[in-house]
Every structure is written in structure tokens, then in C-alpha cells.
Amino acid sequence: MSETHGEVWWTELMTRDVNAAKEYYSAMCGWTFDVMPMDGGGEYHIAKKVERMVAGIMDMTGLPGMDDTPPHWNSYFAVDDIDATCKATVAAGGKVLQEPWDMPGTGRIAMLQDPTGAVMGMMTPDVQG
């Protein structure tokens with residue numbers, strides 16, 4: 001296993017009020033934000049502490065299956081092989097909620113549910129730390 005396998009690699013807030021979230025986390029955590037355009041429209045807000053990227057914020061309005069979902073944080077764990085991790089999750093009694101997809105410049109990502117019902121992302125980062 002790599003040194004980064006199992007680390008919390010990224011975390012992001014899914015919300016319907018990005019501006020209010022940015023104001024809150026700016027005041028509470030001292031974060032600043034960069035905006036990155038997303039494929040298909042929309043924006044992804046990168047939270048930064050000084051110059052280090054620490055989290056993302058995304059508008060969940062209109063996303064499929066999210067109508068009744070409250071705002072929430074998602075954590076993404078680094079794994080050496082996301083495809084093998086998906087198979088192992090199913091074998092352990094969990095579920096693959098969103099099959100792995102490639103995000104250029106970021107890595108290969110999947111959304112999973114562990115055997116207890118907790119949802120998280122796991123990813124094989126493009127660059128292992």
C-alpha cells in the first residue's frame with residue numbers, strides 16, 4: 001500500500017446556498033476562495049487556508065437525486081485502486097452508489113456506502129503524496 005492509502009484526501013460541502021456557506025467558513029475558518037468553472041456549467045469553489053487548498057464547495061441545486069437531501073459534507077479517502085476497492089466494498093456488504101469515473105487532474109473517483117450505511121467518496125488520486 002502507498003503511504004497515502006486510507007488518508008482523507010479531500011472534503012467538500014454540498015449546499016444550496018454557496019454564498020452563505022462561503023461567508024460562514026470565511027469568518028469561522030479564515031478561508032478564502034477561488035472559483036473553478038465546471039464542465040456543463042456551474043462553479044466549484046476551492047477553499048484555501050493561506051495558499052493551501054483545504055476543501056471544496058458546490059451548489060447541489062438541481063443535482064439528480066438530491067431534492068430531499070440536506071446540505072452536507074462529503075469526505076473522499078485515497079485508495080491505491082478504486083476499482084478493486086469498489087469490488088471489496090460490495091464483498092464486505094457495502095454498495096457502490098456511483099461507479100468510478102475519471103476526473104482529469106484529480107483522479108478516479110467513486111461514491112460508496114459502507115456496510116453500516118455511511119456514504120463516502122473514495123478515489124485513486126492522480127498524484128499520490
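Residues numbered from 1 in each chain as written. Predicted model: local features only at pLDDT ≥ 70, side-chain atom pairs only at ≥ 80, totals over all residues. Heavy atoms only, no water.

1. Notes on the packing of aromatic side chains
What counts is decided by this rule: Only Phe, Tyr and Trp rings take part, Trp by its six-membered ring, and two of them pair if their centres are within 6.5 Å. Stacked means planes under 30 degrees apart, edge-to-face means over 60, and tilted covers everything else. A run of H or I in DSSP becomes a helix once it reaches four residues, and a run of E becomes a strand once it reaches two; helices and strands are each numbered from the N terminus. Think of it in three bands: with a 1.4 Å probe and only protein chains considered, a residue is buried below 20% of the maximum accessible area for its type, exposed above 50%, and partly exposed in between.
Counting across every chain of the model gives 5 aromatic pairs. With a centroid separation of 5.5 Å and an interplanar angle of 90°, the aromatic rings of Y25 and W73 are classed as edge-to-face. Placement of Y25 in helix α1 (residues 18-29) and of W73 in strand β5 (residues 72-78) is noted, with a sequence separation of 48 residues between them. Judged by relative accessible area, Y25 falls into the buried class, the value being 16%.

2. Remarks on α1
Worth spelling out the cut-off: Multiply 1.5 Å by the residue count of a helix minus one, and that product is the helix's expected span. Our arc is simply the arc of the directions from the helix axis toward the C-beta atoms. It only takes one pair of heavy atoms within 4.5 Å for two residues to be counted as in contact.
Taking 1.5 Å of rise per residue, the 12 residues of α1 would be expected to cover 16 Å, and the 16 Å separating its terminal C-alpha atoms lies within 8% of that figure. Among the residues making up α1, those that are buried are V18, A21, K22 and Y25. The arc that holds every buried residue of α1, seen down its axis, measures 100°, which confines them to one face. Those residues of α1 that are exposed and angled more than 90 degrees off the buried face are N19, E23, A27 and M28. Residues of α1 that are buried sit in contact with β1 (8-15), β2 (32-37), β3 (43-49), β4 (52-59) and β5. G30 occupies a position one or two residues after α1 and carries a positive phi of about 75°.

3. Observations regarding the nonpolar core
Note the cut-off: Nonpolar cores were defined as sets of buried Ala, Val, Leu, Ile, Met, Phe, Trp, Tyr and Cys residues, with membership established by side-chain atoms within 4.5 Å.
In this structure, W10, M14, Y44, I46, M58, M60, M66, Y76, I109, M111 and M123 together form the largest nonpolar core, which totals 11 residues. Looking at this core, the elements with two or more residues in it are β1, β3 and β7 (107-113). If we ignore the near neighbours within four places in the chain, the residues touching M14 are M58, M60, L63, M66, P71, H72 and N74.

4. Structural notes on the pairing of β3
The following threshold applies: The pairing criterion for strands is at least two bridges between them, as found by DSSP.
Within β3, 5 of the 7 residues are buried, which leaves it mostly tucked inside the rest of the structure. With 6 bridges connecting them, β2 and β3 associate as antiparallel partners. Its bridge partner lying in β3, P37 is registered against E43. Hairpin connection between β2 and β3: a loop of 5 residues separates the two successive antiparallel strands, and G40 in this loop has a positive phi of roughly 80°. Sheet topology note: the β3/β4 ladder contains 6 bridges and is antiparallel. The residue of β4 that forms the bridge with K48 is M53.

5. Re helix α2 (residues 82-91)
Listed in full, the buried residues belonging to α2 are I82, T85, C86 and T89. Projected onto a plane normal to the axis of α2, the buried residues spread over an arc of 105° and lie on a single side. Exposed side chains of α2 directed beyond 90 degrees from the buried face belong to K87 and A91. On its buried face, α2 is in contact with β6 (95-103), β7 and β8 (119-125).

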